[in-house]
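# Report on the structure
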There are 2 protein chains.
Amino acid sequence: MSRIAYVNGRYLPHRQACVHIEDRGFQFADGVYEVIAVKGGGFVDETPHLARLHRSLGELRIAPPMSDAALKAVMRETVRRNRVVDGIIYIQITRGAAPRDFSFPPGARPSLIMTARTQRPLDPKIIERGVRVVTVPDIRWARPDIKSVALLPNALGKQHAREAGAYEAWQVDRDGNVTEGTSSNAWIVTAKDEIVTRQADHAILNGVTRLGVLKVAGDAGLKLVERPFSVDEAKAAREAFLTSTTNFVVPIVRIDDATVGEGKPGEVARRLRALYTSFALEGVAR
Amino acid sequence: MSRIAYVNGRYLPHRQACVHIEDRGFQFADGVYEVIAVKGGGFVDETPHLARLHRSLGELRIAPPMSDAALKAVMRETVRRNRVVDGIIYIQITRGAAPRDFSFPPGARPSLIMTARTQRPLDPKIIERGVRVVTVPDIRWARPDIKSVALLPNALGKQHAREAGAYEAWQVDRDGNVTEGTSSNAWIVTAKDEIVTRQADHAILNGVTRLGVLKVAGDAGLKLVERPFSVDEAKAAREAFLTSTTNFVVPIVRIDDATVGEGKPGEVARRLRALYTSFALEGVAR
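Reading guide: rules and limits
- Think of each chain on its own: its residues are numbered from 1, step by step along the sequence as written.
- Chain letters and ligand numbers both follow the written order, the letters beginning at A and the numbers at 1.
- The predicted nature of this model means local features are confined to residues of pLDDT at least 70 and side-chain atom pairs, given and counted, to a pLDDT of 80 or more, with totals for whole chains, interfaces and linings taken over all residues.
- Think of the side-chain values as coming from all heavy atoms in the structure, minus any hydrogens and water.
- Each helix is a run of H or I in the DSSP string that is no shorter than four residues. Each strand is a run of E no shorter than two, and both are numbered from the N terminus.
- Residue burial is assigned from relative accessible area. The probe radius is 1.4 Å, only protein chains are included, and a residue is buried under 20% of its type maximum, exposed over 50%, and partly exposed in between.
- The charge count treats Lys and Arg as positive and Asp and Glu as negative. His and the chain ends do not count.
- Each salt bridge in this description consists of a side-chain nitrogen of Lys or Arg and a carboxyl oxygen of Asp or Glu lying within 4 Å of one another.
- In what follows, a contact means two residues having at least one pair of non-hydrogen atoms within 4.5 Å.
- DSSP calls a pair of strands paired once it identifies at least 2 bridges connecting them.
- Axis lines are fitted through C-alpha atoms, for helices just across the contact stretch, and the angle between N-to-C directions can take any value from 0 to 180 degrees.
- Alignment of copies: least-squares fit on C-alpha atoms of residues with pLDDT of at least 70 in both copies.
- Two rings from Phe, Tyr or Trp (for Trp, the six-membered ring) form a pair when their centres sit within 6.5 Å of each other. Planes less than 30 degrees apart are called stacked, planes more than 60 degrees apart edge-to-face, and all others tilted.
- Both a distance and an angle decide whether a charge sits over a ring: NZ of Lys or CZ of Arg must be within 6 Å of the ring centre and within 35 degrees of the ring normal.

### A short note on the environment of D123 of chain A
Residues and elements named next belong to chain A. Of note, D123 is situated in the loop between β7 (111-118) and α4 (124-129). For D123, a relative accessible area of 39% puts it in the partly exposed group. For the pair formed by D123 and V79, sequence separation is 44 residues and the distance between their alpha carbons is 23 Å.

Below, the structure is given as structure tokens:
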């Protein structure tokens, strides 16, 4: 658990860390966030995470509450105060607190909140055995490419997965194509050894880990295709896997009640996990 | 402004009213709300508002934080402490605070927040002259029938309306039909004197004022049809109007750049405003 939280200029004991009830993050989901992995005290993929944070803020026309240099300083201080070596930092920015009204408040100052917590590495069994995903209809708004805190449908999807005994839920659009997981991107490997993941348009969040995996796969000379794929294609695929900030690359061995490939983690997923892990750890920002 | 807010069991000065940064309302939009008009110190349509609150909670499987009797007592105390005679009360319930994780936290206690504020009656000019609405694509999630705080698309739509000099934005589905306003329901009156509003399915929030207007219109023997209508049909309609808790019934005289009817408030809208106002004031709960 985060012991010390940064809240609008102050470092507070976690229990006392609060935001105003009229913060627009609480009343309108009018805010954005990032989760960054901390490894060995450094930040994984810090630059692309901050770039995406700026993109999200820009799409919602929320002014950055401080410069990137200041933001990075607060990130480091938050990690230091929580003594996090391996874990995550969570950064949330909202449009700020103002008397409740749907339209943007003219004078509000954006809110900035950070927490950091130690997180144990993924249970090795998860990697060895692979995981199951279940499919759910994608009921989100039209702009999941913006990393907003309007995450209610994602929470409902994840809860559905948990109750089904699955690790994640893959969201499916009205054409029967997988968009992405509730907090991860979705990938398959076809019989032609093509690594397929949906193109980053408005229908998915362009995962930072997704971008990293695309890079290491490209560098390794693997065949990459960014296009939609259907649930049926995924079930019949040679391999499937998911990527996210906290999971890196996790092999999928079952989709709903269908076994993927031979029902055990595939070679491509294992190789990409190794490649991305090296890439991520080499690039940590201190 | 609300001077005293109720927050999880305590009445707090507004400035100090806060929720934990890990409240799921703040991090996941995992909560619901109601706004109820206060007239002469009583609550307008209290029973249907509380019924809808229970429906929203049920759809999200959030346990009610207290009995309705207790909730009503807190509502009255919040109004009393803020000395509100004419205004609104705002009630928000979230799944509670818990270490951040998408799936439902097993042990969290739902949060309950209330604010109340005096609100001046609508400027009579608005009723006399009517208002303009602009149309925007409906980019919300698939379940706007749940009155959740995942209101980011609504906030963006309302802001678009404000910048266009309009009173409200009407959201339009991919078939070209109006779903509803960002915080109001949408109505037209056809050349055949039919009063048309979209049927209450998953695509709209079933407004309490919408239900009240349906009732008074039915009692008055007017012709009612619940069905989708297109933007083109609305622009060519005899009348248009909107309904909401804070607006009651407000005539619309322009949609985008098209003049509705004769460009002034229609008879049906004026009559329904009068009928609903009487109905609402007679039924206030004390």
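So much for the structure itself; the text now carries on.
### What about the side chain of R273 of chain A?
Residue and element names in this part refer to chain A. By the secondary structure assignment, R273 is in helix α8 (residues 267-282). For the buried residue R273, which engages in no salt bridge, the nearest side chain bearing the opposite charge is E128, 9.9 Å off. Every residue in contact with R273, bar those within four places of it in the chain, is listed here: L122, I127, N247, F248, V249 and V250.

### Structural notes on the sheet that holds strand β5 (residues 42-43) of chain A
Residues and elements named next belong to chain A. Pairing in this open sheet of 6 strands is antiparallel, and the strands run β2-β1-β7-β6-β4-β5 from one edge to the other. Bordering the open sheet on either side are β2 (10-13) and β5, each of which pairs with just one other strand. Strand direction decides the pairing type here: strand β4 (residues 31-39) and strand β6 (residues 87-94), joined by 8 bridges, are antiparallel. When the bridges of β6 are listed, E34 appears paired with I91.

### Observations regarding the sheet that holds strand β1 (residues 4-7) of chain B
All names here are of chain B. With antiparallel pairing, the 6 strands of this open sheet are ordered in space as β2-β1-β7-β6-β4-β5. The open sheet is flanked by β2 (10-13) and β5 (42-43), the only strands paired with a single partner. Where helix α2 (residues 46-60) meets the sheet, its contacts fall on β4 (31-39), β5 and β6 (87-94), and the angle it forms with β4 comes to roughly 175°.

### Considerations on the relation of the copies chain A and chain B
Mapping chain A onto chain B is achieved by rotating through 180° and translating by 0.0 Å along the same axis, at an RMSD of 0.0 Å. Put plainly, the chains are arranged around a two-fold axis. A high fraction, 100%, of the interface residues of chain A reappear at the interface in chain B, so the copies pair face to face through one surface.

### Quick notes on the packing of aromatic side chains
Aromatic ring pairs are defined here through the distance separating the ring centres and the angle between the ring planes. One pass over the structure, following the stated rule, counts 14 aromatic pairs over all chains. Relative to Y11 of chain A, the ring of Y6 of chain A lies with its centre 5.2 Å away and its plane at 65°, an arrangement referred to as edge-to-face. The interplanar angle of 45° and the centroid separation of 6.0 Å between the aromatic rings of Y276 of chain A and F279 of chain A together place this pair among those described as tilted. Here Y276 of chain A pairs with F279 of chain A, and both are found in helix α8, just 3 residues apart, close to one helical turn. Looking at Y276 of chain A, the relative accessible area reads 1%, which means it is buried. Feature note: the residues F248, Y276 and F279 of chain A constitute an aromatic cluster, connected by ring pairs. Sitting above the plane of the F104 of chain A ring, R95 of chain A keeps its charged end 3.5 Å from the centroid. Across the ring face of F102 of chain B, the terminal group of K158 of chain A is positioned such that the distance to the ring centre comes to 5.6 Å.

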